[in-house]
Amino acid sequence: MALGETGNFAAYGFAPITLIAPLGCMSVTGSAFISAMFLKENLRASDVLGMTLAFAGSYLLVNFAPNISQAISARTVQYYFVGWQFLIYVILEILIFCILLYFYKRKGMKHIVILLTLVALLASLTVISVKAVSGMITFSVTDKMQLTYPIFYIMLIIMIASCVFQVKFLNQATNLYSTATVVPINHIFFTTSAIIAGIVFYKEFLGAAFLAMFIYFFGFNPSLLGIIANILAENRTLTEDHRCIGSSVGSKWQSNDA
C-alpha cells in the first residue's frame, strides 16, 4: 500500500491531475480481478460489468486527457498561486467550507453529502499541493534545486494539513454510514474536485479542442459507474455472507434447544 501511494505521489509530478485522479477507479477494479484470480472468489456479472465500464472509461480518459508535459518549478507554482482564477476559487471554497462546517458543527447536520463535500473541498487543495510538491522535487532532481523556495514549504504544509483534516471527516463519515455507501460517493466527489482543481490551478485544458474535452468528460461517466457497480456488488456479497452466518448460527441454537 505504501509503495502504491508513493507511486501515486510521484505520478503527479509527471502527469496532469485530470489524468491521474480519475484513474483511481482502477484500484477497485484491480482488486476485484486479483480476488477472482488468486483468492478464487466468485466473479459476478455485476463485477464484470463494473470492470468493463471502468476500463472503457479509463481508455477514453487516457487517450483524451490533456497531453501536456509541464515542468513544475517553484516560480511556476508561485505564478499560479497568486493568479486571480485560483484566488477566486479559494475564496469560494473557503466560503462553502465555512457554511457547511457551521451546519455540521452548530446545527448538528451530519448528512453524508455534507461530510463528503467537506472532504472533497479539502481534497482539491491536497491534489494541488501534492502535484506542486512532487513536481518541485522532480524538478530538483532533474534540473535545478527548488527546495530552497518558501513556496515549497507552503505547499508542503497545505498538503499535510489538508490530508489530516480529510482523514478526520472521512472517519466521521464511515462511523455514521456504511463503507459501501461512503466509498463510491467519496470517489465521485474527490475525482470531481480534483479535476476542477487541475483545470483552475494548472490550466490543464487550456487550448484543448472541444471534441477532446467532450470525449474526456464522456469517458469520466463510465469510470464512475464502473466503480459504483463493483462496490455495490461487493456490498451485496457481504450482506449475503452475513445472512448465511446468521442463519447458520440460528440453526445451531435451534438444534441445541431441541
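Residues numbered from 1 in each chain as written. Predicted model: local features only at pLDDT ≥ 70, side-chain atom pairs only at ≥ 80, totals over all residues. Heavy atoms only, no water.

Peer 1: Account for the overall build of the protein, with residues named and values stated.
Peer 2: Along the protein, the regular secondary structure elements total 10 helices and 0 strands. Taken from the N to the C terminus, the helices and strands of the protein come in the order α-α-α-α-α-α-α-α-α-α. Per-residue burial over the protein gives 40% buried out of 258 residues. Counting contacts in the protein only where the partners sit at least 6 residues apart, residues at least 24 apart contribute 81% of the total. A total accessible area of about 14,600 Å² is found for the protein, and carbon and sulfur atoms account for 70% of it. (Helix = DSSP H or I, 4+ residues; strand = E, 2+ residues; numbered from the N terminus. Buried < 20%, exposed > 50% of the residue type's maximum accessible area, 1.4 Å probe, protein only. Contact = heavy atoms within 4.5 Å. Areas by Shrake-Rupley, 256 points an atom, 1.4 Å probe, with all protein chains shown as cover.)

Peer 1: I'd like a description of a nonpolar patch on the surface, backed by residues and values.
Peer 2: Side chains of Trp84, Ile88, Ile91, Leu92, Leu95 and Ile96 sit close together on the surface and give an oily, nonpolar patch of about 630 Å² of accessible area. Within the fold, Leu95 resides in helix α6 (residues 84-105). Leu95 gets classed as partly exposed once you look at its relative accessible area, which sits at 49%. (Patch = residues over 30% accessible without salt bridge, like charges linked within 9 Å, V, L, I, M, F, W, Y side chains within 5 Å. Salt bridge = Lys/Arg side-chain N within 4 Å of Asp/Glu carboxyl O.)

Peer 1: Let's hear about the environment of Ala123: which residues, and what values?
Peer 2: For Ala123, the position within the fold is in helix α7 (residues 112-142). Residue class for Ala123 comes out buried when judged on its relative accessible area of 0%. Expressed as a C-alpha distance, the spacing of Ala123 and Thr191, which sit 68 residues apart in the sequence, is 8.9 Å. The residues touching Ala123, leaving out its near neighbours within four places in the chain, are Gln166, Phe190 and Ser193.

Peer 1: How would you explain helix α5 (residues 74-81) if you had to name every residue and give the values?
Peer 2: Residues of α5 that are buried include every one of Ala74, Thr76, Val77 and Tyr80, and no others. Looking down the long axis of α5, one finds its buried residues gathered within 160° of arc, a one-sided arrangement. Seen from the buried face of α5, the exposed residues on the opposite side, beyond 90 degrees, are Arg75 and Tyr79. (Arc of directions from axis to C-beta.)

Peer 1: An account of the packing of aromatic side chains is requested, with residue identities and associated values reported.
Peer 2: Using the criterion set out here, one finds 14 aromatic pairs in the structure. Here the aromatic rings of Tyr80 and Phe201 are separated by 5.7 Å at their centres, their planes lie at 65°, and the arrangement is edge-to-face. With Tyr80 in helix α5 and Phe201 in helix α9 (residues 179-201), this residue pair connects regions lying 121 residues apart in the sequence. Just as Tyr80 is buried, Phe201 falls in that class too. Members of the aromatic cluster, connected to one another through ring pairs, are Tyr79, Tyr80, Phe81, Phe86, Tyr89, Phe201 and Tyr202. Looking at Lys131, its charged tip hangs above the ring of Tyr202, at a distance of 5.6 Å from the centre. Taking NZ or CZ as reference, Lys168 lies 6.0 Å from the ring centre of Phe169, over its face. (Phe/Tyr/Trp six-rings, centres within 6.5 Å; stacked < 30°, edge-to-face > 60°. Lys NZ or Arg CZ within 6 Å of the ring centre and 35° of its normal.)

Peer 1: Outline unusual backbone geometry, listing residues and values.
Peer 2: One non-glycine residue, Lys203, lies in positive phi territory at about 55°. One can find Lys203 in the loop between α9 and α10 (210-257). Relative accessible area serves as the criterion here: at 25%, Lys203 is assigned to the partly exposed category.

Peer 1: Tell me about the nonpolar core, and please be specific about residues and values.
Peer 2: By size, the foremost hydrophobic cluster in this structure holds 34 residues, and its most contacted members are Val77, Ile128, Met136, Met155, Phe201 and Tyr202. If you list the elements that add at least two residues to this core, you get α2 (17-20), α5, α6, α7, α8 (150-176), α9 and α10. Broken down by element, the residue count for this core peaks at 6 residues, all from α7. Ignoring anything within four residues of it in the chain, the contact list for Met155 reads Val77, Phe81, Ile128, Ser129, Ala132, Val133, Met136 and Phe201. (Core = buried A, V, L, I, M, F, W, Y, C linked by side-chain atoms within 4.5 Å.)

Peer 1: Lay out the side chain of Thr117 in plain terms, naming residues and giving numbers.
Peer 2: Summarising the element assignment, Thr117 is placed in helix α7. A distance of 2.5 Å separates a polar side-chain atom of Thr117 from the backbone oxygen of Val113. Ignoring sequence-local partners within four residues, the contact set of Thr117 consists of Leu100 and Phe189. (Polar contact = N/O pair within 3.5 Å; in protein donor to acceptor, adjacent residues only side chain to side chain.)

Peer 1: A description of α8 should follow, citing residues and the corresponding values.
Peer 2: Helix length check: α8, at 27 residues, gives a terminal C-alpha distance of 40 Å against a target of 39 Å (1.5 Å per residue), a fit within 8%. Turning to α8, its buried residues are Ile151, Phe152, Met155, Met159, Ser162, Gln166, Phe169, Gln172 and Ala173. (Expected span 1.5 Å × (residues − 1).)

Peer 1: Help me get a handle on the packing of α6 against α8, residues and values and all.
Peer 2: Between α6 and α8, the least distance of the axes is 15 Å, while the angle of their chain directions is 40°. Taken as axis vectors, α6 and α8 run oblique relative to one another. The chirality of how α6 crosses α8 is left-handed. Here Phe97, Leu101, Tyr104 and Lys105 of α6 come into contact with α8, specifically with Lys168, Phe169 and Gln172. Taken together, the residues of the contact of α6 with α8 break down into 4 nonpolar, 1 polar and 2 charged. (Axes fitted to C-alpha atoms, helices over the stretch in contact; angles between N-to-C directions. Parallel < 35°, antiparallel > 145°, perpendicular 65-115°, else oblique. Left-handed = near helix turned anticlockwise from the far one by under 90°. Nonpolar A, V, L, I, M, F, W, Y, C, P; charged D, E, K, R; others polar.)

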